[in-house]
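Coordinate analysis (summary)
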Amino acid sequence: MLKKEITYFLTALMFFTRIPIPFKIPYSNEIMNQSQKYYAAIGLLVGAFNALIYTICQFILPVDIAIIMTMITSVLLTGAFHEDGFTDVCDSFGGGYGKEKILTIMKDSRIGAYGVIGVILLLLLKFTSLVHIAENNFWLMIFTLISAHSVSRFFSGMMIYTHEYVTDIDKSKSKPMANKALPIKNLVISSLFCLLPFIVFSEWKFLLILPLCYIGKVYLGWYFKKYIGGYTGDCLGTVQQVTEVLFYLGVLILCKFL
């Protein structure tokens, strides 16, 4: 049983990060599907590494540069996996009319004006939000970096349970995520990883941000269903990126009013 769970975790780690695994692990669609329970755990790992880089950099560099170094670390660690999905969604929904055209553009590896503009604005919003969060206190920044990555991956994974997969799974890079027939206990396990930073840091008031992230996920799910009938792997990446930013904005809102 433990060996299986380790395999599921390492599968998620290989799929969502560039962290090398020094040995071979078995692979199947079932293993990939079961690895969904560890999406939020991968977020914890990515967030913790980002927090470590920020901690080191802010001792020797100005805070804004430390934040940029942290963002670069995140991109290198994940291979810009989710940012790429966000860019594809901006291009396809911005320039496509009708389901077939949208999906065709989404599969195109080239980046267009909508994608460029979208990802620039996204990164600017991340950067400015984190700068303002860092102005509050160091531990809030650390909590935010860890929690945002975990929470956003939890809501991204939730899409698998609530919406249908719509593209040809034999051609999609997200083929392993196309199977919605997953046990609900996997989502419960993922939620526990999502809540872990709130428990460790005792930052209970920031649980109020989760409904905001959920609203973002619900809206994107509705939007995707309206225009293409469900989600693709790029759509999941978009949910992750948008809910990550919503978490940052939620922290700023709560700090202002509570």
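Below, the structure is looked at part by part. (Residues numbered from 1 in each chain as written. Predicted model: local features only at pLDDT ≥ 70, side-chain atom pairs only at ≥ 80, totals over all residues. Heavy atoms only, no water.)

In this section: the overall build of the protein chain. The number of helices and strands found in the protein chain is 11 helices and 0 strands. Computed over C-alpha atoms, the radius of gyration of the protein chain comes to 18 Å, within 12% of the 18 Å expected from 2.2 N^0.38 for 258 residues, which places it in the range of a compact globule. In terms of principal-axis extent, the alpha carbons of the protein chain reach across some 50 × 45 × 35 Å. For the protein chain, buried positions account for 52% of its 258 residues. Taking all contacts inside the protein chain whose residues are at least 6 apart in sequence as the whole, residues at least 24 apart take part in 76%. Averaging the locations of the 21 positively and 16 negatively charged side chains of the protein chain gives two centres separated by 6 Å. (Helix = DSSP H or I, 4+ residues; strand = E, 2+ residues; numbered from the N terminus. Rg over C-alpha atoms; globule rule 2.2 N^0.38 Å. Buried < 20%, exposed > 50% of the residue type's maximum accessible area, 1.4 Å probe, protein only. Contact = heavy atoms within 4.5 Å. Lys, Arg positive; Asp, Glu negative; His and termini not counted. Charge placed at Lys NZ, Arg CZ, Asp CG, Glu CD.)

Okay, the environment of Leu207 next. Tracing the chain through its elements places Leu207 in the loop between α9 (184-201) and α10 (209-228). Taking relative accessible area as the criterion, Leu207 reaches 28% and is therefore assigned partly exposed. Setting aside residues up to four positions removed in sequence, Leu207 forms contacts with Leu195 and Phe198.

Where empty space is left in the structure can be found by rolling a water-sized probe over the atoms. For the coordinates displayed, the defined rule picks out 2 cavities of 30 Å³ or more. Taken as a whole, the largest cavity encloses approximately 90 Å³ of empty space. A per-class count over the lining of the largest cavity returns 6 nonpolar, 4 polar and 1 charged. (1 Å grid on protein atoms, 1.4 Å probe; cavity = no way out; pocket = protein on both sides within 12 Å on 5 of 7 lines; lining within 4 Å. Points joined across faces, edges and corners; volume = space filled by probe spheres on them. Nonpolar A, V, L, I, M, F, W, Y, C, P; charged D, E, K, R; others polar.)

This part covers helix α4 (residues 63-78). Taking 1.5 Å of rise per residue, 16 residues should cover 22 Å, and α4 covers 23 Å from first to last C-alpha, within 8% of that figure. Taken as a whole, α4 has its buried residues at Ala66, Ile67, Thr70, Met71, Thr73, Ser74, Leu77 and Thr78. Taken end-on, α4 shows its buried residues confined to a sector of 155°, consistent with a single buried face. Buried-residue contacts for α4 involve α1 (2-16), α3 (39-60), α5 (81-95), α7 (113-134) and α8 (138-162). Of the residues one or two after α4, Gly79 is the one with positive phi, at around 70°. (Expected span 1.5 Å × (residues − 1). Arc of directions from axis to C-beta.)

With that settled, the discussion passes to the nonpolar core. In this structure, Tyr54, Ile67, Met141, Val151, Phe206, Phe224 and Phe247 are the most contacted members of the largest nonpolar core, which totals 69 residues. With 14 residues, the single largest contributor to this core is α8. (Core = buried A, V, L, I, M, F, W, Y, C linked by side-chain atoms within 4.5 Å.)

Enumeration according to the criterion identifies 23 aromatic pairs in this entry. Ring centres of Tyr165 and Tyr231 lie 5.3 Å apart, and the angle between their planes is 75°; on these two criteria the pair is classed as edge-to-face. Of this pair, Tyr165 sits in the loop between α8 and α9 while Tyr231 sits in the loop between α10 and α11 (233-257); the two residues are 66 residues apart in sequence, bridging distant segments of the chain. Judged on exposure class, the residue Tyr165 and its partner Tyr231 are both buried. (Phe/Tyr/Trp six-rings, centres within 6.5 Å; stacked < 30°, edge-to-face > 60°.)

It is the contact of α7 with α8, at a shortest axis distance of 8 Å, that shows an interaxial angle of 145°. For the pair α7 and α8, the contacting residues are Leu130, Ile133 and Ala134 in the first and Leu140, Met141, Thr144 and Leu145 in the second. When the residues that make up the contact of α7 with α8 are grouped by side-chain class, the tally is 6 nonpolar, 1 polar and no charged. (Axes fitted to C-alpha atoms, helices over the stretch in contact; angles between N-to-C directions.)

Turning our attention to the side chain of Thr17. Relative to the helices and strands, Thr17 resides in the loop between α1 and α2 (29-34). What makes Thr17 buried here is its relative accessible area of 6%. Engagement of the side chain of Thr17 in a polar contact is seen with the backbone oxygen of Leu13, the distance being 2.6 Å. Polar side-chain contacts of Thr17 include one of 3.2 Å to the backbone nitrogen of Ile19. Excluding residues within four positions of it along the chain, Thr17 makes contact with Ile42, Val46, Leu77 and Thr78. (Polar contact = N/O pair within 3.5 Å; in protein donor to acceptor, adjacent residues only side chain to side chain.)

Below, the discussion takes up the state of the cysteines. Applying the stated criterion across every chain, the model contains 0 disulfides. You can see Cys235 has no disulfide; the closest cysteine sulfur is in Cys90, sitting 11 Å from it. Residue classification places Cys235 among the buried positions, given a relative accessible area of 0%. (Disulfide = S-S within 2.5 Å.)

What follows concerns the side chain of Ser150. Inspection of the secondary structure assignment puts Ser150 in helix α8. Accessibility expressed as a relative area gives 0% for Ser150, which makes it buried. Engagement of the side chain of Ser150 in a polar contact is seen with the backbone oxygen of Phe193, the distance being 3.3 Å. Setting aside residues no more than four positions away along its own chain, Ser150 makes contact with Ala40, Gly43, Leu44, Phe193 and Cys194.

These figures capture arrangement, not role.
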